[in-house]
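# Geometric and topological summary
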Amino acid sequence: MDMIPELIGYLAASLTTASFLPQAIKTFRTRDTDSLSLGMYSMFTLGVLLWLIYGIYLVNIAIIVANAITFLLAAAILYFKIHNLRRK
């Protein structure tokens, strides 16, 4: 029974990280960020970074891995968003 919470954590981490991939792939391919909110992606990226720090503090591998991957993807999208805004 002790493994059930851990399995739920890994499943949740996998699903939430995987759900972010389509947006990241689309943004990387098209470089189009016009429809993305700068405020939302800024807050989201900061929130994911804080979850990553929390996971490191707890030494929880599921939280660390999921949020490290999502943070890298979100930070890249945020970079493209800011870069595109500066170009305009």
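The protein has the name Glutathione synthetase in an unreviewed UniProt entry, where Methylomonas denitrificans is given as its organism. Checking UniProt for the protein, the heading Subcellular location (unreviewed entry) contains the comment "Membrane".

### A short note on unusual backbone geometry
One non-glycine residue with positive phi stands out, namely R31, at about 60°. Checked against the element boundaries, R31 lands in the loop between α1 (3-30) and α2 (38-58). R31 gets classed as partly exposed once you look at its relative accessible area, which sits at 44%. At V59, a position not held by glycine, the phi torsion is positive, near 55°. For V59, the position within the fold is in the loop between α2 and α3 (61-87).

Conventions and cut-offs
Residues numbered from 1 in each chain as written. Predicted model: local features only at pLDDT ≥ 70, side-chain atom pairs only at ≥ 80, totals over all residues. Heavy atoms only, no water. UniProt positions renumbered as here; feature names shortened; annotations may be inferred. Helix = DSSP H or I, 4+ residues; strand = E, 2+ residues; numbered from the N terminus. Buried < 20%, exposed > 50% of the residue type's maximum accessible area, 1.4 Å probe, protein only.

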